[in-house]
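Spelled out, the chains give:
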Amino acid sequence: MSQAWLPLVTLATSLLVVPLIFALPERAWGARTVLNLGAALLKVLLVALMVWGLYQGESFHFSFTVVQGVTFLLQVDALGLMFAGLSSLLWLATTVYAIGYLEDSPNRKRFFGFFSLCVASTVGIALAGNLFTFLLFYELLTLSTYPLVVHRGHTKALDAGTTYLRYTLTGGLMLLLGVVALHVMVGDVTFGEREMLADLGPDAHGLLTVLFLILLVGLGVKAALVPLHGWLPRAMVAPAPVSALLHAVAVVKAGAFGIVRLVYDVYGISLTYELGLLTLLAVIATITILYGSIRALAQQELKPRLAYSTISQVSYIVLGISLFGPFGTVAGLVHLMHQGLMKVTLFYCAGNYAEELGIHRIDELNGAGRRMPLTSIAFTVGALGMIGLPPVAGFISKWYLGMGAVQANMPWVIAVLVVSSLLNAAYFLPILYRLWFRPGPAHGVGEWPDERRLGRFETSGWLLWPAVATAVFSVMVGLLAGVPFSPLDLATFVTAEEYLP
Amino acid sequence: MIERLGLLIPASSESGDLGAVLSLLAAPLVMGVLASLWRPQHSWPVALLSLLPIATLALLAHQVLAADGQAWLIELGALTLHWRANGLTLLLLLLTQVVSLASAAYAPAYLRTEIGSHGGQVWLWPLQGLLLSSLSLIWLAGDLLSLYVGLELMGLAAVGLMLLPGRVDALAAGMRYLLLALVGSLAFLLGVSLLLGAWARLDLAGLAQVAEPGIVLWVSVALLSAGLLLKAAAFPLHAWLAPVHGSAWTPVSALHAALVVKGSFFIALQLWLVLVPDAQVAAWLVGAMGGTAVVWGGLLAWRSAKLKEVVAWSTVSQIGYLLLGFSLLIGTSPSVTAVAWEATWLQLAAHSLAKAGMFLATGNLIFSTGESHVKGLAGASRRMPLSLLSFGIAAISLIGLPPSAGFTAKWLLLHASLEAGYWLWMVALALGTLLSGAYIFRVFRYSFVEDAEPLDYRRVPWSMELFALLLALSSLLLGLVAEWPLSLLRPAGGGP
Amino acid sequence: MPPFLDVLLALTVVALAALALVDRQLVRACSWFVAFALGVALTWLSQGFLWLALLEVVFGAALTGSFLFYSLGVRPGAVEPRGRLSRWRDPLPLTWRRGVLRLLPAVAVVIMLVMALADFGQVPGPQRLGGLGLIFLGLWAFALHRHLLRRLLAFNVIGTGIFLILMALVRDTTPAAGHGLVITGLVVALLGTALGSLLIRRLNGLDASRGSSVTLAEQGSG
């Protein structure tokens, strides 16, 4: 109880920014920028403080009773901190990027207000200590992303928003039903008290299986598991920072993170294994991985291809979880971080191409490497990481996934990994080939669709540096995976907690 | 259950105790009449005169909380009236005052800018005072005569308020409402007559002891319920609601949707708990009506072309939630009733605050754009973020998304339905959530349209913005701090 | 008073109510209603409820009557007005089919009431039967007619029927409570009628000034 204020303050930094941003007039560009960046930096600092505290063995709790038997609980554990760390880091980058991206566009106040609300909900999801609190922020996330998805306000965006709501509100409802049912059975489900459900005995197994499925549907919508993925490619109409956010940090990750919580902290890995649900998860993840990759191959535009790639890649997390054994767990958790870093890089780059050169289709990318070298290098790093080449972060994920498959005695998963990596290569390598080896407008062949020359460098600095930074990070976490405080280290820490009693 | 209603509290003998409760009842009426000396377009008399009712409530709360509930006997010749107050009564009184105060504070600027000098504005404050007094009487009353008086006064005051705009459509809708209200009160009176004839007493605590199941009891309960549910706009007796709201003044609409329908609901629930506490099958019927109301009201709201109609039909849907809670309180196990009890009152409070806030915000939207149609809002999010934000915050509570009071109430309702094994109720709640999401986000979809023609926006006075936002925020925050008001519902000794 | 007179009185009251409810001539219907109210006052007197009789004369007959006449625009020496709502004849035609169909709710309620009253186990007196008759007539008229004034009349008749039954039920046990309810009911009925009459006049005024006379009554009564 000693450090109740830290998680609360972390949450409040972005929550309190919201009314401030709404109160500022639309034209107060400078003040808003300072506010946004200040809050984002402060949050990184606070999360770092909590990571440090956790390694020191301190515990952070904040709770109060909402109604009898239901508690609002913020608590800090390694898993939550991983997610909080990821979101706060990428948030900083995305804020910088969004400031540059939305320069001179209308409704920036609205955008940044909901943007901050979105990060507040993500941090809330990360720090939630029980299912009720998790649900609270999970739904808040739905609400705060809707205005971002429809931000452009044209029919396509509005339709995408409606589709998004249809999926996520229904998903949220399923989650609510499942959480209430669990609550009726055992009371408040605090994360980390895994014996609770296991103690119910074999009589409850049927019911628990049904509830798991209901909860999985609720979480699977946001994690874009096939067949609940329909909203994600359509939400591509949103501005690039929003896509980056939906795909890399907030929404899909909230779903994936929820599944991690469900398996490890609500049901507990052994109970899930006992119920035979891990195999089910593995099958769903496999289907999603392959389906997403195949659909990605068919896309002719850059952002939809990245979107289907997300569907496929997020399921690596689920696949890792479904492998019973420490290596699988490490793989799933570490990929939660790695995929975020790499995918956010790719989306920044896609946004840069669109902003600077007006490129939306893949066949327009010819020779862009020469015109925008840094962006293209960043893109290449992200793409190679997705394929799983060392030394980029994605290699570590796939390596541990493979080891986990062996450990869980599910060798077919390795075949899935191989096929999926080949598919990844099949849809990323042609892009890289076009970027670097095809002659394009930069070589005097043809013209860019809409060239704008946004800044001193190859594009505006606000857009360029976040992409470069996340690309560098993607390589660093791969190279320095063995260093303390790296994602791998954190994931191992979490896994040790899970498997060692 | 009747001890939860506070009906078993022994009456205190000293008559001096009556001062607080009498002044609580009289203050709104007196102040309303006094306030009519000034034009309602001035706001300072409202601010000043509304202090007294609040002070009387504080005084009463002080007395009641100190004694863990209080009851009074009022002797009028051979007639004895029974009044009582406990935690629930206090909460309902507080809710009434808060909503009424917000609506009153909203009204002056609204009348000044939107209405001008039309309509019977002189009558606004006296009628609102009467409404407040009669509602307070309903919350306090422990016998059928007081309830009848309160119900009638409330009905007449409500009709009067609805008629104030004086336009043809308001008068036509008001006439219809008047006739329905009168029929409803006749049914109520007939039911009361049968009860009085059969058991020769009007006090609820006494009736709870002597009333025996039989045809007289059932006929009277049926008559009472029909009358009350008609006034509460419960499905299928809801058709009068939207036309009435369509033409009424915005603060009056807020008051009506938030409080008046709740008064009838409260009486109905109370009578069932007193007269037929174990009638599970009949309660299923009420619950089924509620479930249908949730879905049907949602559909009506979804199809509505006008903004005010969306808000008005959503009341039908939300009353449906209350009826679901109602049915979970009759004849179910104690563990279910303990949850459903809190769920019902929380839902009532959540809906009151959110709906009042939403009506005020809707009034702002209509005022600002000059458009009463949903389609007229196209592009509104560019210009009126604050009104739209208030609307949105209130909507969160109506849909039942966290962290609003509507969500917490729905959580409790789901909990109770699941524990009671009422699966269909859960389906109704789920459908209601989706439908309310659909009709709310339909409004928002229009507001986000970017390529709409720019409208001619009028600036909304700050007090109108402020009170809409405050009500909406209170419905949102109540969700997180629900434990405080709900703890008042439990007996002080602890335990359910 | 011998029971024979009681029966006669009850019959008269029911007959007057029927006249008030079916007469096509609205001014005449209102006059029948005043006569009906006086008959009810006599009934109260015969029961020994002096106060109720007095109130009935003042509220039921005098005040309600004046409001009803006011709504029609009747005053000494007035010529027949042309407004739709204050026209002295109810212009909406009635058909047998509709008349029969609208009987159903009234019959249902009365059957329910008869069953409940039968459960009391006493021999029903003329007041109770008269009250039932009034409720039946009133409900039927309320469902049948579209004209606002006639609905107000029907409402008053139902109310009176309820008062009669109520007082018959509680005469021997708790007359005080019965008085309380009836007096409240009378006041409410009066206020309701007053509000309704004012509304009819006002609607009529707006009606005439806007010239769109066809739809208003429908809107108001639909």
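Provided above is the structure to which this section pertains.
Rules used throughout
Residues numbered from 1 in each chain as written. Chains lettered and ligands numbered in written order. Predicted model: local features only at pLDDT ≥ 70, side-chain atom pairs only at ≥ 80, totals over all residues. Helix = DSSP H or I, 4+ residues; strand = E, 2+ residues; numbered from the N terminus. Buried ≥ 20, exposed ≤ 12 C-beta atoms within 10 Å, placed from the backbone. Contact = placed C-beta atoms within 7 Å. Expected span 1.5 Å × (residues − 1). Pairing = 2+ DSSP bridges. Nonpolar A, V, L, I, M, F, W, Y, C, P; charged D, E, K, R; others polar. Core = buried A, V, L, I, M, F, W, Y, C linked by C-beta atoms within 7 Å. Arc of directions from axis to C-beta. Axes fitted to C-alpha atoms, helices over the stretch in contact; angles between N-to-C directions. Parallel < 35°, antiparallel > 145°, perpendicular 65-115°, else oblique.

Turning next to the overall build of chain C. The number of helices and strands found in chain C is 9 helices and 0 strands. Going from the N terminus to the C terminus, chain C shows its helices and strands as α-α-α-α-α-α-α-α-α. Counting only residues that meet the buried cut, chain C has 47% of its 222 residues in that class.

On to the overall build of chain A, then. The secondary structure content of chain A amounts to 21 helices and 2 strands. Principal-axis analysis of the C-alpha atoms gives chain A an extent of 70 × 55 × 45 Å. When each of the 501 residues of chain A is scored for burial, the buried share is 62%. Taking contacts inside chain A between residues at least 6 apart in sequence as the whole, the part at least 24 apart equals 81%.

Across its 24 residues, helix α3 (residues 78–101) of chain A extends 34 Å between first and last C-alpha, which sits within 8% of the 34 Å expected from 1.5 Å per residue. With 24 of 24 residues buried, α3 of chain A is to be regarded as a mostly interior element.

What follows is about the pairing of strand β2 (residues 79–85) of chain B. Here is the key point about a regular strand: its side chains alternate between the two faces of the sheet. Residues and elements named next belong to chain B. Judged by how many residues are buried, β2 sits mostly within the fold: 5 of 7 residues are covered. Relative to β2, strand β1 (residues 70–76) runs antiparallel, the two being bridged by 7 bridges. Paired with Gln70 across the strands is Ala85, a residue of β2. As consecutive antiparallel partners, β1 and β2 are separated by 2 residues, and within that stretch Gly77 has a phi angle of approximately 65 degrees, a positive value.

A word on the interface of chain B and chain A. Between chain B and chain A, the residue contacts involve 30 residues of the former and 30 residues of the latter. At the level of elements, α15 (385–399), α16 (405–420), α17 (423–447) and α19 (483–489) of chain B are the ones that each hand at least two residues to the side of chain B that touches chain A. For the side of chain B that touches chain A, the class distribution of residues is 18 nonpolar, 5 polar and 7 charged.

Ranked by internal contacts, the top residues of the largest apolar core, which has 481 residues, are Met82 and Val318 of chain A. The element best represented in this core is helix α7 (residues 168–199) of chain B, accounting for 22 residues.

Let us now look at the arrangement of the chains. Pairwise contact counts over the 2 pairs of chains in contact peak for chains B and C. Taking C-alpha atoms as the reference, chain A and chain C come no closer than 37 Å and do not contact one another.

What follows covers the interface of chain B and chain C. Chain B puts 36 residues into the contact, and the matching count from chain C is 39 residues. Only α6 (144–163), α7 and α9 (215–231) of chain B provide two or more residues apiece to the side of chain B that touches chain C. The greatest single-element share of the side of chain B that touches chain C, amounting to 20 residues, is contributed by α7 of chain B.

Residues and elements named next belong to chain B. The terminal C-alpha atoms of helix α3 (residues 51–67), which comprises 17 residues, lie 25 Å apart, in line with the 24 Å expected from a rise of 1.5 Å per residue. Among the residues of α3, those classed as buried are Pro53, Thr56, Leu57, Leu60, Ala61 and Val64. Projected onto a plane normal to the axis of α3, the buried residues spread over an arc of 140 degrees and lie on a single side. Opposite the packed face of α3, turned more than 90 degrees from it, sit the exposed residues His62 and Ala66.

This part is about the environment of Val188 of chain C. Mapped onto the elements of the fold, Val188 of chain C is located in helix α8 (residues 175–210). Setting aside its immediate chain neighbours within four residues, Val188 of chain C contacts Glu152 and Ser185 of chain B.

The next subject is the packing of helix α18 (residues 393–407) of chain A against helix α19 (residues 412–437) of chain A. All names here are of chain A. Two elements in contact, α18 and α19, have axes whose closest approach is 8 Å; the angle formed by their N-to-C orientations is 155 degrees. One finds that α18 runs roughly antiparallel with respect to α19. On α19, the residues touching Lys398, Leu401, Gly402 and Ala405 of α18 are Val413, Ile414, Leu417 and Ser421. Here the residues of the contact of α18 with α19 sort into 5 nonpolar, 2 polar and 1 charged.

This next bit is on unusual backbone geometry. For the bond from Pro390 of chain A to Pro391 of chain A, the omega torsion is 5 degrees, close enough to zero to count as cis. Look at the link from Phe235 of chain B to Pro236 of chain B: it is a cis peptide, with omega at 0 degrees. On the secondary structure map, Pro236 of chain B appears in the loop between α9 and α10 (241–247). Despite not being glycine, Ala233 of chain B shows a phi value in the positive range, around 60 degrees. Structurally, Ala233 of chain B is set in the loop between α9 and α10.

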